[in-house]
Amino acid sequence: MNLVTVSGPPSSGKTAVILKTIDSLQKRGLEVGVVKFDCLYTDDDILYEKAGVKVKKGLSGSLCPDHYFVSNIEEVTQWGIKEGLDLLITESAGLCNRCSPYVKSITAVCVIDNLSGINTPKKIGPMLKSADIVVITKGDIVSQAEREVFASRVNQVNPGASIMHINGLTGQGAYELSTLLYDEKVEIKTLVGEKLRFSMPSALCSYCLGETRIGESYQMGNVRKIDMSDKKDEK
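Conventions adopted
Residues numbered from 1 in each chain as written. Predicted model: local features only at pLDDT ≥ 70, side-chain atom pairs only at ≥ 80, totals over all residues. Heavy atoms only, no water. Helix = DSSP H or I, 4+ residues; strand = E, 2+ residues; numbered from the N terminus. Buried < 20%, exposed > 50% of the residue type's maximum accessible area, 1.4 Å probe, protein only. Salt bridge = Lys/Arg side-chain N within 4 Å of Asp/Glu carboxyl O. Core = buried A, V, L, I, M, F, W, Y, C linked by side-chain atoms within 4.5 Å. Contact = heavy atoms within 4.5 Å. Phe/Tyr/Trp six-rings, centres within 6.5 Å; stacked < 30°, edge-to-face > 60°. Pairing = 2+ DSSP bridges. Axes fitted to C-alpha atoms, helices over the stretch in contact; angles between N-to-C directions. Expected span 1.5 Å × (residues − 1). Bend = angle between axes of the 7 residues up to and from the residue.

### Regarding unusual backbone geometry
Phi at Ser11 takes a positive value of approximately 65°, unusual for a residue other than glycine. One can find Ser11 in the loop between strand S1 (2-8) and helix H1 (14-26). Overall, the relative accessible area of 64% leaves Ser11 in the exposed class. Not every positive phi belongs to a glycine, and Lys138 is a case in point at roughly 60°. Along the polypeptide, Lys138 turns up in the loop between strand S6 (133-137) and helix H6 (144-157).

### Some words on the environment of Gly117
By secondary structure assignment, the location of Gly117 is in the loop between strand S5 (107-113) and helix H4 (120-124). Considering only alpha carbons, one finds Gly117 and Tyr68, 49 residues apart in sequence, at a separation of 28 Å.

### Focus on the pattern of salt bridges
Counted according to the given criterion, the structure contains 8 salt bridges. Between Lys36 and Asp44 there is a salt bridge, with the nearest N and O atoms lying 2.9 Å from each other. Of the two residues, Lys36 and Asp44, both sit in the buried class. Linking Asp132 and Arg197 is a salt bridge whose minimum nitrogen-to-oxygen distance equals 2.7 Å. Here the residue Asp132 occupies a position in the loop between helix H5 (126-129) and S6, and Arg197 occupies one in the loop between helix H7 (174-181) and helix H8 (231-234), the gap between them amounting to 65 residues.

### Re the environment of Lys50
Considering the arrangement of structural elements, one finds Lys50 in helix H2 (residues 44-50). Since its relative accessible area comes to 71%, Lys50 is described here as exposed. The spatial distance from the C-alpha of Lys50 to the C-alpha of Leu169 is 16 Å, given a sequence separation of 119 residues.

### Brief notes about the environment of Ile22
Mapped onto the secondary structure, Ile22 falls in helix H1. Under the relative-accessibility criterion, Ile22 is labelled buried at 1%. Sequence separation between Ile22 and Gly33 is 11 residues; the distance between their C-alpha atoms is 8.8 Å.

### Topic: the nonpolar core
Judged by nonpolar contacts, the single largest core of 23 residues is most densely connected at Ile22, Val34, Ile89, Val109, Val135 and Leu177. Mapped by element, the contributors of at least two residues to this core are S1, H1, strand S2 (32-38), strand S4 (87-93), S5, S6 and H7. Ranked by residues supplied to this core, first place goes to H1 with 4 residues. Residues in contact with Val109, not counting those within four places in the same chain, are Val4, Thr5, Val6, Ser7, Tyr102, Ile133, Val135 and Leu181.

### Concerning the packing of aromatic side chains
Aromatic rings considered in pairs are described by the distance between their centres and by the relative angle of their planes. Scanning the model with the defined rule gives 2 aromatic pairs in all. Here the aromatic rings of Phe37 and Tyr68 are separated by 5.9 Å at their centres, their planes lie at 75°, and the arrangement is edge-to-face. Taken together, the positions of Phe37 in strand S2 and Tyr68 in helix H3 (residues 65-82) put the pair 31 residues apart, joining distant regions of the chain. Considering the side-chain rings of Phe37 and Phe69, the 5.1 Å spacing of their centres and the 70° angle between planes classify their relative orientation as edge-to-face. With Phe37 in strand S2 and Phe69 in helix H3, this pair connects stretches of sequence that are 32 residues apart. Taken together, the aromatic side chains of Phe37, Tyr68 and Phe69 make up a single cluster linked through ring pairs.

### Considering the sheet that holds S6
Reading across from one edge, S3-S2-S4-S1-S5-S6-S7 is the order of the 7 strands in this open sheet, with parallel pairing throughout. The strands lining the two open edges of the sheet, one partner per strand, are strand S3 (54-59) and strand S7 (162-165). Here the average twist between neighbouring strands, direction ignored, is 20°. The sheet contact formed by S1 and S4 spans 7 bridges and is parallel. Residue Asn2 lies in a different strand from S4, and its bridge partner there is Leu87. Contacts from H3 reach S1, S2, S3 and S4 within the one sheet, and its direction differs from that of S4 by about 165°.

### Details of H3
Look at H3: 24 Å from first C-alpha to last across 18 residues, which is about the 26 Å you get at 1.5 Å a residue. In the structure, H3 departs most strongly from a straight axis at Asn72, where the bend amounts to approximately 55°. Every buried residue of H3 is listed here: Pro65, Asp66, Phe69, Ile73, Glu74, Val76, Thr77, Trp79 and Gly80. In this structure, the buried residues of H3 make contact with S1, S2, S3 and S4. Two residues or fewer after H3 comes Gly84, characterised by a positive phi angle close to 75°.

Worth remembering: the numbers are spatial, not functional.
See the structure below:
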């Protein structure tokens, strides 16, 4: 079985791109499944079911969805193998822009949209910087010049990635992406012992652990304070 990880900011068009790409893969006779990772709610699993795709979903609740992903990816992989899938696609919503669910040996796809702003590629972090493929969506809503500038900013952040423009509504470009996601020579049986491409945040603060009270006396662990001093007065 092949495994692909798709990640990206909320509402960037991940599910639409995946559905169009799966359509191309199914036409080649491949059995494809999806596991959707999200926080509090998603009905994307219904969309996959309507498309005849085997699907599972996991809601992380108060946990970061990417941390939740890493804690469950081995079980997810074994489910895909049990279902006899040729390709399993995991979809995870990147929320904090500091985490990344990518595994070193697994193809990583980041989906980002043209409407997010030309400086967004600089803000996203390892989710974009360490991806193998960057899919840019919603190009039909902006001008050609805006598309080129945005793609250039993506290239500056991740010059080694393949950049693809895909229309999640029409499916234009999805076939080309499908050709990059499945390799019949690859056979994944387990992810035990594999490593992430980028480490998750290494420390916790009191608010990560459930603290709700405001004030320095309630802040413990990894705490960083903004510099509020007047530098002009210091001189």
